[in-house]
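Here is how the chains run, residue by residue.
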2 protein chains.
Amino acid sequence: MQSKTYVYAFDATETKDKMLLGGKGANLAIMTSIGLPVPPGLTITTEACNEYLAGEGQFPEGLEAQLQDELRKLEHDTGKVFGDDANPLLVSVRSGAAISMPGMMDTILNLGLNDRTVEGLAQATGDERFAFDCYRRFIQMYSDVVLGIEQYEFEAILTELKHNRQVQFDHELPAADLRQLVASFKQVVVKRTGQAFPQEPFEQLLMAVRAVFGSWNNQRAIVYRKINNIPDHLGTAVNVQTMVFGNMGNDSGTGVAFTRNPATGEKRIYGEYLINAQGEDVVAGIRTPEPIASLANDMPKIYEEFVRICGILEKHYHDMQDIEFTVEKGKLYILQTRSGKRTTAAAIRIAVEMVQEGAITKEEALLRVEPAQLDQLLHRRIDPAATVDVIAKGLPASPGAAYGAIVFDADEAEALGQQGHKVLLVRTETTPDDIHGMVVAEGVLTARGGMTSHAAVVARGMGKPCVSGCEAIKIDYASEQFTADGRVFKKGDIVSIDGATGRVMAGEIKMIEPELSADFNTLLAWADEVPGLGVRANADTPADALKAREFGAKGIGLVRTEHMFMATDRLPLAQRMILAENKEERAAALEQLQVMQEDDFYGILKVMSGYPVCIRLLDPPLHEFLPQAEQLLVDITTLKLTDGDKEELAAKEALLAKVRSLSEFNPMLGHRGCRLGVTFPEIYQMQARAIFNAMARLVQEGHQVTTEVELPLVGNIKELTLLKQEVTQIADAVQAETGVTLDYHVGTMIELPRACLIADQIAAESGFFTFGTNDLTQTTFGFSRDDAEGKFLPQYLEAGILTENPFAVIDREGVGELMRIAVERGRSAKPEISIGICGEHGGNPNSIEFCHEIGLDYVSCSPYRVPIARLAAAQAALKKKD
Amino acid sequence: MQSKTYVYAFDATETKDKMLLGGKGANLAIMTSIGLPVPPGLTITTEACNEYLAGEGQFPEGLEAQLQDELRKLEHDTGKVFGDDANPLLVSVRSGAAISMPGMMDTILNLGLNDRTVEGLAQATGDERFAFDCYRRFIQMYSDVVLGIEQYEFEAILTELKHNRQVQFDHELPAADLRQLVASFKQVVVKRTGQAFPQEPFEQLLMAVRAVFGSWNNQRAIVYRKINNIPDHLGTAVNVQTMVFGNMGNDSGTGVAFTRNPATGEKRIYGEYLINAQGEDVVAGIRTPEPIASLANDMPKIYEEFVRICGILEKHYHDMQDIEFTVEKGKLYILQTRSGKRTTAAAIRIAVEMVQEGAITKEEALLRVEPAQLDQLLHRRIDPAATVDVIAKGLPASPGAAYGAIVFDADEAEALGQQGHKVLLVRTETTPDDIHGMVVAEGVLTARGGMTSHAAVVARGMGKPCVSGCEAIKIDYASEQFTADGRVFKKGDIVSIDGATGRVMAGEIKMIEPELSADFNTLLAWADEVPGLGVRANADTPADALKAREFGAKGIGLVRTEHMFMATDRLPLAQRMILAENKEERAAALEQLQVMQEDDFYGILKVMSGYPVCIRLLDPPLHEFLPQAEQLLVDITTLKLTDGDKEELAAKEALLAKVRSLSEFNPMLGHRGCRLGVTFPEIYQMQARAIFNAMARLVQEGHQVTTEVELPLVGNIKELTLLKQEVTQIADAVQAETGVTLDYHVGTMIELPRACLIADQIAAESGFFTFGTNDLTQTTFGFSRDDAEGKFLPQYLEAGILTENPFAVIDREGVGELMRIAVERGRSAKPEISIGICGEHGGNPNSIEFCHEIGLDYVSCSPYRVPIARLAAAQAALKKKD
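Rules of the game
Residues numbered from 1 in each chain as written. Chains lettered and ligands numbered in written order. Predicted model: local features only at pLDDT ≥ 70, side-chain atom pairs only at ≥ 80, totals over all residues. Heavy atoms only, no water. Helix = DSSP H or I, 4+ residues; strand = E, 2+ residues; numbered from the N terminus. Buried < 20%, exposed > 50% of the residue type's maximum accessible area, 1.4 Å probe, protein only. Contact = heavy atoms within 4.5 Å. Areas by Shrake-Rupley, 256 points an atom, 1.4 Å probe, with all protein chains shown as cover. Pairing = 2+ DSSP bridges. Axes fitted to C-alpha atoms, helices over the stretch in contact; angles between N-to-C directions. Parallel < 35°, antiparallel > 145°, perpendicular 65-115°, else oblique. Left-handed = near helix turned anticlockwise from the far one by under 90°. Nonpolar A, V, L, I, M, F, W, Y, C, P; charged D, E, K, R; others polar. Phe/Tyr/Trp six-rings, centres within 6.5 Å; stacked < 30°, edge-to-face > 60°. Expected span 1.5 Å × (residues − 1). Polar contact = N/O pair within 3.5 Å; in protein donor to acceptor, adjacent residues only side chain to side chain. Least-squares fit on C-alpha atoms with pLDDT ≥ 70 in both. Salt bridge = Lys/Arg side-chain N within 4 Å of Asp/Glu carboxyl O. Buried area = accessible area lost by both parts, 1.4 Å probe. 1 Å grid on protein atoms, 1.4 Å probe; cavity = no way out; pocket = protein on both sides within 12 Å on 5 of 7 lines; lining within 4 Å. Points joined across faces, edges and corners; volume = space filled by probe spheres on them.

Looking now at the overall build of chain A. Scanning chain A from N- to C-terminus turns up 36 helices and 31 strands. The C-alpha extent of chain A, read off along each of the three principal axes, is 105 × 65 × 55 Å. Here chain A holds 882 residues, and the buried ones make up 56% of them. Long-range pairs, those at least 24 residues apart, make up 68% of the contacts in chain A with a sequence separation of at least 6. For chain A, the accessible surface area stands at approximately 35400 Å², while carbon and sulfur atoms represent 50% of it.

Residue and element names in this part refer to chain B. Reading across from one edge, β18-β19-β20 is the order of the 3 strands in this open sheet, with antiparallel pairing throughout. Each having just a single partner strand, β18 (474-476) and β20 (487-490) make up the two edges of the open sheet. Shown here is a sheet whose adjacent strand axes are inclined to one another by a mean of 25°, direction ignored. Inspection of the sheet shows β18 paired to strand β19 (residues 481-484) by 3 bridges, in the antiparallel sense. Bridged to Ile 475 within β19 is Phe 482.

Further remarks concern the packing of helix α19 (residues 518-529) of chain A against helix α36 (residues 866-881) of chain A. Residues and elements named next belong to chain A. One can describe the packing of α19 onto α36 by two numbers: an axis separation of 8 Å at closest approach and a directional angle of 50°. Classified by the angle their axes make, α19 and α36 are oblique. The chirality of how α19 crosses α36 is left-handed. Every residue of α36 that contacts α19 at Phe 520, Leu 523, Leu 524, Ala 525, Ala 527 and Asp 528 is listed here: Pro 867, Arg 870, Leu 871 and Ala 874. Along the lines of polarity and charge, the residues of the contact of α19 with α36 split into 8 nonpolar, no polar and 2 charged.

Take the packing of aromatic side chains next. All names here are of chain B. With the rule as written, the count across this model stands at 36 aromatic pairs over all chains. With a centroid separation of 5.3 Å and 35° between ring planes, the pair formed by Tyr 52 and Phe 59 is classed as tilted. By the burial criterion, Tyr 52 is buried, and Phe 59 matches it. Measuring from centroid to centroid gives 4.6 Å for Phe 306 and Phe 325, while their planes differ by 45°, and the two rings are tilted.

Our focus in this paragraph is the environment of Gln 187 of chain B. Relative to the assigned elements, Gln 187 of chain B resides in helix α7 (residues 175-193). Judged by its relative accessible area of 58%, Gln 187 of chain B falls in the exposed class.

Glancing now at helix α28 (residues 717-738) of chain A. All names here are of chain A. Here α28 spans 31 Å end to end across 22 residues, near enough to the 32 Å set by a 1.5 Å rise per residue. Where α28 is concerned, the buried positions are Ile 717, Glu 719, Leu 720, Leu 723, Glu 726, Val 727, Ile 730, Ala 731, Val 734 and Gln 735. With a side-chain oxygen lying 3.0 Å from the backbone nitrogen of Lys 718, the N-terminal cap of α28 falls on Asn 716. Count one or two residues on from α28 and you reach Gly 739, which has phi positive near 75°.

Right, let's get into the pairing of strand β9 (residues 321-328) of chain B. Residue and element names in this part refer to chain B. Summarising burial for β9: 7 of the 8 residues are buried, a large majority. Pairing of strand β6 (residues 253-258) with β9, which is carried by 6 bridges, proceeds in the antiparallel orientation. Of the residues in β9, the one forming a bridge with Gly 253 is Val 327. With 8 bridges joining them, β9 and strand β10 (residues 331-339) adopt antiparallel strand pairing. Each bridged residue has a counterpart across the sheet, and for Val 327 the counterpart in β10 is Leu 332. Where β9 folds back on β10, the antiparallel hairpin that results is connected by 2 residues, among which Lys 329 adopts a positive phi of roughly 50°.

As a further point, take the relation of the copies chain A and chain B. Superposing chain A onto chain B takes a rotation of 178° combined with a translation of 0.1 Å along the rotation axis, leaving an RMSD of 0.4 Å. This pairing of chains is accounted for by a two-fold axis. Taking C-alpha positions as reference, the residue of chain A nearest the rotation axis is Asn 666 of chain A, located at 2.0 Å. A high fraction, 100%, of the interface residues of chain A reappear at the interface in chain B, so the copies pair face to face through one surface.

What follows concerns the sheet that holds strand β3 (residues 91-97) of chain A. Residues and elements named next belong to chain A. Across the sheet, which stays open at both edges, the 5 strands sit in the order β1-β2-β5-β3-β4 with antiparallel pairing between neighbours. The open sheet has two free edges, formed respectively by β1 (7-9) and β4 (107-111), since each of these has just one partner strand. The mean inter-strand angle of the sheet, taken between neighbouring strand axes irrespective of direction, is 20°. Summarising the sheet, β3 and β4 pair through 3 bridges and their orientation is antiparallel. From the neighbouring strand, Val 93 faces β4, where its bridge partner is Ile 108.

A few words now on the pattern of salt bridges. All names here are of chain A. Across all of its chains, the model carries 120 salt bridges over all chains by this definition. Between Glu 682 and Arg 586 there is a salt bridge; the shortest N-O distance is 3.2 Å. Linking Glu 682 in helix α27 (residues 681-700) with Arg 586 in helix α23 (residues 583-607), this pair joins segments that are 96 residues apart in sequence. Looking at Arg 586, the relative accessible area reads 14%, which means it is buried. Shared partners join several salt bridges into a network, and the residues in it are Arg 260, Lys 267, Glu 314, Arg 349, Glu 353 and Glu 357.

In this section: the packing of helix α22 (residues 571-579) of chain A against α23 of chain A. Residues and elements named next belong to chain A. In the contact formed by α22 and α23, the axes pass within 8 Å of each other and the chain directions differ by 150°. Here α23 runs roughly antiparallel to α22, going by the angle between their axes. The handedness of the crossing between α22 and α23 comes out as left-handed. Taken together, the residues of α23 that come into contact with α22 (itself represented by Leu 573, Ala 574, Arg 576, Met 577 and Ile 578) are Arg 586, Ala 589, Leu 590, Gln 592, Leu 593 and Met 596. The residue makeup of the contact of α22 with α23, split by class, is 8 nonpolar, 1 polar and 2 charged.

So, on to the interface of chain A and chain B. The interface of chain A with chain B comprises 61 residues on the first partner and 61 residues on the second. A buried area of about 5500 Å², summed over both sides, lies between chain A and chain B, and 56% of it is on carbon and sulfur atoms. The largest share of the area that chain A buries against chain B comes from Phe 665, Leu 669 and Arg 754 of chain A, three residues that together contribute 14% of it. Applying the counting rule to chain A against chain B returns 8 salt bridges. There are 38 residue pairs in polar contact (both at pLDDT 80 or more) connecting chain A and chain B. By residue number, the principal contributor to the side of chain A that touches chain B is helix α24 (residues 629-641) of chain A, which donates 7 residues. Each residue belonging to the side of chain A that touches chain B can be placed in one class, and the counts come to 24 nonpolar, 21 polar and 16 charged.

Backbone phi values are negative for most residues with the exception of glycine, while trans is the configuration of most peptide bonds. Residue and element names in this part refer to chain B. A positive phi angle, close to 55°, is found at His 318, a residue other than glycine. Within the fold, His 318 resides in the loop between α12 (300-317) and β9. The exposure class assigned to His 318 is partly exposed, which follows from its relative accessible area of 32%. Phi at Glu 480 is positive, roughly 50°, even though this residue is not glycine.

All names here are of chain B. Along the polypeptide, Glu 353 turns up in helix α13 (residues 344-356). By relative accessible area, Glu 353 is classed as buried at 18%. Apart from residues lying up to four places away in sequence, Glu 353 is in contact with Arg 260, Gly 265 and Lys 267.

Turning to the side chain of Asp 322 of chain A, a few remarks are in order. Residue and element names in this part refer to chain A. Tracing the backbone shows Asp 322 in strand β9 (residues 321-328). With relative accessibility at 10%, the residue Asp 322 sits in the buried group. Among all residues touching Asp 322, those that are not within four sequence positions of it are Val 256, Ala 257, Phe 258, Gln 336, Thr 337, Arg 338, Ser 339 and Gly 340.

Turning next to empty space enclosed by the protein. Counted under the stated rule, the structure contains 7 cavities of 30 Å³ or more. Quantified by volume, the largest cavity comes out at close to 50 Å³. If you trace the largest cavity, you find it lined by Lys 791 of chain A together with Pro 621, Leu 622, His 623, Leu 662, Glu 664, His 671 and Leu 676 of chain B. Here the lining of the largest cavity is composed, by residue class, of 4 nonpolar, 2 polar and 2 charged.

Next comes the structure, spelled out in structure tokens:
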């Protein structure tokens, strides 16, 4: 019976099977087959590994013989001989499983060296130092991974030697020292193993193969497989490849190149090389490499061949390649090729141009750009080349970078801002009272509050950079300064913030302005052509809506009406409404608010004419519109002790009583959302009237207007039916008064676990629903976002208890499971119901993919995330198609 | 073809079918068949009703003829004749559907009266006044329900007449006036209908039957059926019954009696009667009824027969009966019998004695007592007969009643209490600083905070009455008084509270002490015999545990370890642990706490020897152990303005900074539960060591000890695996140190929606889990209990948006659905896992039934609810068996 084939040469034609040859082995076989000058070699199959492991350390029958045979062929092909004194064949040995996996044995280089062949290598390279350095490294690596001798024993000897020679770097040691080092290393091996370092190359090789096979079952590999659900039975292959050397004279060299410019995407080879050098010479930085273009002069033939190979590789892999090459005595070898890393701008340009070149399809192009990276093109950002002096780190609450003179008071910020000064507003936390200061500030920095704190939400709405919850800065309002990292920053000092990372930096940092290319728009237009999730934006003002439309949003998924209440001119009215002692006072305040809200809605709906707009009725608890109890308490205490104005005292005490009566232990779970609508019907009635009046005006002016009136926080079907009835009555009244037919739907935001469970009932009564995944995440996890992100969440992420921040990426196991249940139940009751998502997850690519999987109709996100969402939505659809 | 039978006499033997005869008709037929002297009559079937309604107001073929025939038999049986001047047959007409239903036509009495027969009635009763009063009432009722004339037209005439006669009550009007009233009423009928009041009795009857049939489809009935899922096709029957009169001389009379004493349960007929009277004479209160025993003298034969009938009825219905009877001219008639209402004490005694008499089975006895009512036997309560002066109403936070002199300060409460004064502690809200005052107080009253506020939880734990969240009382600490209902209550004034209803009352109210009978224990012992849910108690101290064991708890389902931290002697240590500047300080505080906790656990475990004890590791956020920011702020402001002690100021400022750094926006969703265990591992490690040390001591002393170490608020499997490992390591260490084998399990409280969804993963890693339905309700609904119960929840219940408070009764649609999912997933991963519930729902009978349905192993509740839970658990099992 003929034994199985366990060993394949790279140029064998029988198989390129990744499961059998491992990923690396298959790739080497492919490169060889497309005619690339890959240093020849062979792959021992995963099957051999599995039989070895099953057979208690016995190589399978026939493996050794096959290996011998293939080595003979290799000697023939290379003209070198394994163990030959003059012209020794040296190989590298690498593991290579079907799925890339850390924890496996890595690499042994220069296998085949021994006391005799090292001299041959010295002669061949004319570099004794190099040959002995290779040898001592080989002994070190081999001892570590095959013989199990601790590295530090060798490192200690090397360190001592450098100390004795008073040199700092390895390469400063002369050849004689390296010879001595090899001798010392071999003594260590004898001491630790009781045997001499193996001199017979084939024995070296067999032991190395055993070590690779054995490493499949080391602890780290087993744990990694368990965590990542990789089956234990895959096994690993072993790749044995001829060593080549770029330091064999001036007809040798080594280099690295990209097939296109990785910074700009321009179609021109980009890279550098060194004549008569090894790869590690580049790393050591002793000599300055030449730009790749010079190779055309130094080695015109080689350059020509290299350019040709670049073409072949791009054509084969359909992507820009990052290629390592070596020239050994006038012969070019390709050591490695892989997709090249690139900037986002380059990624877009390359993808679009490759479509235009006919190299890839539009669909492939869409999958080539990482959606999240688009963000860096949309905001001003810190120049990656700039030196930064980070003094503290907070939460990345609103993307973009800014610098300015620090100011601790909103009024002062406003005054300075209006005079043209660049200011950065620094507050412990912001409240609606600070909004006028935020409007003029370059950015906002707060010491407290999470990603959904007032500062964060308002800044994101304004598209302004914000770092929130930066507990490391200690603000002292009285002396108008903060301390951070032991340093004091006074009013007027320049500070920079990076809202994308949460970094706070001293001084003015160099920044890069955003710029959108034609390719960017081309790519996104292609994205829109892919059938799948629609993309809307969350926008609270006509300006936001316009920005969203410019970025390609097809509608608004969330208008938060409370932000309108918080504007400087509205807040006093909102407060008057809340503090009203009787119905008449309340009605008067509401009447004024209605006029303003009608204008707000008119503006937004007009900008979005032709697209649907989802307007959420008032959501936050009423106490958010009032001053904070603590400040009132300090004022009252002060007024009492200083015998202050009696009337002011009485007014403050009355206000405090109201604040207290409205205050809540857990506002997130309190008297908010549709609960307000139920208990204060006049507020929602006012808002509904404002919406329908605005719609009627626009329809009369010839606009096409569709609204979705959204009742927040429904958890009980009766909340929905009750409030829907009220809204419908008002719509009926406006239609009757104006004679205009209004195109509107009533629905709810699903943001409570209970709502997910009764989504069938909700769907039966609704025209749409959207997932408010911020709150749904809070309730499903029992996490208060404002608290968690500043307290235990970072530790949870660090300890691996959570792999992602669930407020950034939808938690599929919990929150996602509830969403899935809700979609199923909702569609079972009303298959045609429109379902969207408007939480922050709506702009997160991973979450968008999930939304596509469970069958949502659209995602909605902040205007600046719309491009990301468009691309991510297209990718989700394309991936699912595969 | 013979037509269907539409009319059945009460003594017809063909059918007793409730669906055909309605509930009332079937009952009358049954009573007749067991030989009771029921006034004869007939029932028109529900089928007739349905055909009438389907046939657009036509009586079905044959109905009128059958009715005529049965009336003839009725005349024959009674010796009276319909429409006869001298001896008229009078009947009542009543609706009677298969399921009792409000909204249907009620009752018409004395049908058959007309201008002639009224004179016959006057003669037969010798009471002209009575006869004409019957007639005018008949006209009124008939006009209302048959002719659709508004009642107020008749009432206005009657009122005017009384005004003219200057009398207050109807019965003060003489016969002549009533004659005149009849004439006036008939004029109203002519005026409103254009026709005279119908004089022909059979016509009266047919119109009344039509009215009953028609009422099946009136709006109120339709809505009621819809709400209660009663099918529309059932239809209603009509009962026509001979009128009997107890006012026909001294051989007549009327009365009401219970077959046993409804207050005590004693087996002796209990009731009262009046000779020569109608039922309404008793109501009018003109004459004082005689006790039923006197009937033995007044009418010995009748009494003897009545006693015999009581026996027959009890035997037939297997329950104590509440019987209405009338004697007409020496003949006893039973008008109605139904299960008698009774006190809880009576219910228990009757049920137990009936088992002993062989009248009912133990299972029947168990279903006879309403579990929730047991509560009144277990706590001191307001004497129902007492006059109360309610000044405010808060939340029923901890059952029981108390009175005492009001005190606004815990220190003062403690001082007075120790001197033997009865005090009631009144606070805006309580904090751990108030516990020493609560210990000595008779009860606690707070103006803020819900059913899970500090005051409520601690009071329930202590078994002390508490009314919380009583926003109607306005406390002024400075002047040591509160106002309520416009009245001022000063320190030292006596106030009573009822923790079962939330009432706050002025003065000392008479109270009833709890008392448990032997029958009570007998019944509960029977309950324990029914296989089904086990019952454990929540207990935090050895005293609670002992109380729980006395009440029959078979283990502890929840030991809250934080209450131990809050005890007066522990709190400073807990604070020192939290405020520690370094590891050493923290370790020192923890070491002292460990000694105390070990003793706590030792005491509880010893009391519960032989039963499992589930100990939850620290759950609340750490800031709960610190003073409140607001008070510190006032102190600091004061110290600053008054140029106070600099050191004190610095200390307070430092403390405030720490309080602030720990403070949370939504503590319910904050840094608590196992999140503390993850971030401050030393706390849980200390607690685990205290538990295992205590266990080891007890095992060495010969006790049998089983613990369940509960990790609260797990939402993520890695939290569980991480903390379980730590706990297990400590158990291993203690076992190694002591040589004792510890019987313990590690598990979690499932109180987050996410935990329900991953219950399979949790079960795979746990020995048990228990539902913490308080928090699960908060997160599923997105309700902060403390906020909701004081704010919108009452309105939600009133408006019918919620039918039950979900914190009292498990919301099956949302929270229950998640529990069902968790049980299914949990048992799919580990079928034998122990699953319990330890939220407040564990003591609520409706919720206990649900827990049985979804297959939990046990419920756990506060000690005082254990008897309720034992009975409810048995009932749940018995009902499911049916």
